[in-house]
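Spelled out, the chains give:
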Amino acid sequence: MAFTDLREFIEATDKLGELKRVDGAHWDLEIGAITELVAERKGPALLFDQIPGYPAGFRVLSHPFATTKRTALVLGLSPELTGFEMLLAWRERLKTFKPLPPVEVKTGPVLENVFTGDKVDIFKFPTPMWHELDGGRYLGTGSAVITKDPDEGWINIGTYRCMLIDDEPTKILVKINAQRHARRMITKYHAKGQPCPVAISFGQEPAEWMPATYSGVPWGVSEYDFAGWLRGKPVEVITGEATGLPIPATAEIVIEGEISPTQAGADYWEGPCSEWLGYFADKSKGDAYVVDIKSVLHRNDPIILGTPWMKPPAPLFAIPVQAGAVWEQLEGAGLTGITGVWTPIFDSPFIIVVSVKQQHPGHAKQVALAAVSCRAANSGARFVIVVDDDVNIANFEEVFWAVATRCDVDTIEILRNMIAARTDPSLTTEERQRNELLRSRVVIDACRPFANLENYPAVNKFSDEYRKKTITRWRGQLDISGG
């Protein structure tokens, strides 16, 4: 379903009975604490208004996508699907991907309010202090950072955290790690001695934002093209006056600016910030980019899209959409027999579970080594576990049952000197300062030995045929219909 903007998504969520309006919560920790408590209980999306110190109508949407019904709205899937069914449906959608470029329009709601020069003030929005240990107020959690490759000309959109700087209304810090596409683009500009133009959206239609978080979009393919395909309709963009970059015409808030070569490593502290691994691990001085803001655009009554990371289990989406990217890249490498991919810590590839229908000796290990090093695993994949196709990989108890009963501990592999996330909490301060971001990864083959597949002890479980027969006979008297 193609929503025109974030507001239509909010309306659809409300009609599903999955939206809660909250008036009067303070931007300083209270919005963040309420979000955490509701997320832990897998509750509704939250729309905050009447925020003290700000005009009524300046709002924050948080915890927006974390149930299956709300995830289905973003991915264009049936809201009746659950769990692994939805991941399978997402995989089938991915197979139909065909780039659908954006279309330029002359104007849009984002131009309802335009401020430049001494009128720029990034503090006019009710940016939350999301957590007690955050190093500052993060306007950019559900943000979309737009850059253009200076050589190849294509547009990249990525989600990177954006922190306000005290007493600096015309600047914002953007943290972009080394392996990200935008970082490579910025480096190209700076190598030429040129500033890098950048636009950042802080509230947009979810199908326009989701690709910015998705590691399955390869170098050279614009997230705008992916978003157009995902929503079944081209994204409408306007050309930014200050940067020349394409900006979502229906975005809630957009800033335009530039990152000068002298601002790479500028003398500001950034972080810590709540991270995707559930820790506050990365505080640094001079590592984040400083964006000099040239213009601020926003709609009347703007809405900040808030997607702060929290300690698991508090997922961003109801299914691990990144698992779909891993699966796609494994099959793209020519591997067959893969029946599922799952990441049990949602939205994080730190643990990847792959199920296979074994086809030859060494098949499971071949799949494991590909999974541990594919791009979608990126700087995660601390553990890769491969299991047989009879294991429900969405049930971590079953996965560890397979590890406990089928894994020969002597076959566990440790791969050393693999790229690590800068936010990996096990990295020391000295390692971060040296930019020595390396960690070992573990590969666990929890499949039955291929040579003994036929003779391996049978699993203690009724056959599917007899289970169905029992459900049909007894469902009226017992609550077993989900069996």
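Preceding block: the structure.
Residues numbered from 1 in each chain as written. Predicted model: local features only at pLDDT ≥ 70, side-chain atom pairs only at ≥ 80, totals over all residues. Heavy atoms only, no water.

Caption draft 1: Examining the pairing of strand β3 (residues 59–62) more closely. With burial as the criterion, each face of β3 is covered, one bearing Arg59 and Leu61 and the other bearing Val60 and Ser62. Pairing geometry for β3 and strand β18 (residues 303–306), over four bridges, is parallel. Across the sheet, Ser62 pairs through a bridge with Gly306, a residue of β18. (Buried < 20%, exposed > 50% of the residue type's maximum accessible area, 1.4 Å probe, protein only. Helix = DSSP H or I, 4+ residues; strand = E, 2+ residues; numbered from the N terminus. Pairing = 2+ DSSP bridges.)

Caption draft 2: Representation of the sheet that holds β18 within the structure. On the basis of which strands lie adjacent, the open sheet formed by four strands has the order β1-β2-β3-β18 and mixed pairing. Both edges of this open sheet fall to β1 (19–23) and β18, since each of them pairs with a single strand only. Across the sheet, the axes of successive neighbouring strands diverge by a mean angle of 20 degrees, strand direction being ignored. Relative to β3, strand β2 (residues 45–49) runs antiparallel, the two being bridged by three bridges. Bridge pairing links Leu46 to Ser62 in β3. (Axes fitted to C-alpha atoms, helices over the stretch in contact; angles between N-to-C directions.)

Caption draft 3: Looking closely at the pairing of strand β11 (residues 196–201). The element β11 is extensively covered by neighbouring structure, given that five of its six residues are classed as buried. Pairing of strand β7 (residues 144–148) with β11, which is carried by three bridges, proceeds in the antiparallel orientation. Across the sheet, the residue bridging to Ala144 is Ser201, located in β11. Sheet analysis places β11 next to strand β14 (residues 253–259), joined by six bridges and oriented antiparallel. Its bridge partner being in β14, Ala199 is matched across the sheet by Glu256.

Caption draft 4: Molecular detail of the pattern of salt bridges. Inspection of the entire model under this criterion finds 25 salt bridges. Notably, a salt bridge pairs Arg406 with Asp388, separated by 2.9 Å at the nearest N-O pair. One end of the pair, Arg406, is in helix α10 (residues 396–406); the other, Asp388, is in strand β21 (residues 383–388), and 18 residues separate them in sequence. Each member of the pair, Arg406 as well as Asp388, is classed as buried. (Salt bridge = Lys/Arg side-chain N within 4 Å of Asp/Glu carboxyl O.)

Caption draft 5: Inspection of the packing of helix α4 (residues 83–94) against helix α7 (residues 223–231) at higher detail. Relative orientation of the contacting elements α4 and α7 amounts to 115 degrees, with a least axis distance of 11 Å. Here α4 runs over α7; the crossing is right-handed. Contact residues: Trp90, Arg93 and Leu94 in α4; Phe226, Trp229 and Leu230 in α7. Classifying every residue of the contact of α4 with α7 gives five nonpolar, no polar and one charged. (Left-handed = near helix turned anticlockwise from the far one by under 90°. Contact = heavy atoms within 4.5 Å. Nonpolar A, V, L, I, M, F, W, Y, C, P; charged D, E, K, R; others polar.)

Caption draft 6: Just the packing of aromatic side chains, in detail. Going through the model one piece at a time under the given rule, you end up with 17 aromatic pairs. When the ring of Phe226 is compared with that of Trp229, the centres are 5.1 Å apart and the planes differ by 65 degrees; the resulting orientation is edge-to-face. Of this pair, Phe226 and Trp229 both sit in helix α7, three residues apart, which is roughly one turn of the helix. An aromatic cluster of at least three residues, connected via ring pairs, comprises Phe3, Phe9, Phe65, Trp209 and Phe317. Of note, Arg137 hangs over the ring of Trp27, and the distance from its end group to the ring centre comes to 3.6 Å. Lying over the aromatic face of Trp219, Arg184 brings its terminal NZ or CZ to 3.9 Å of the ring centre. (Phe/Tyr/Trp six-rings, centres within 6.5 Å; stacked < 30°, edge-to-face > 60°. Lys NZ or Arg CZ within 6 Å of the ring centre and 35° of its normal.)

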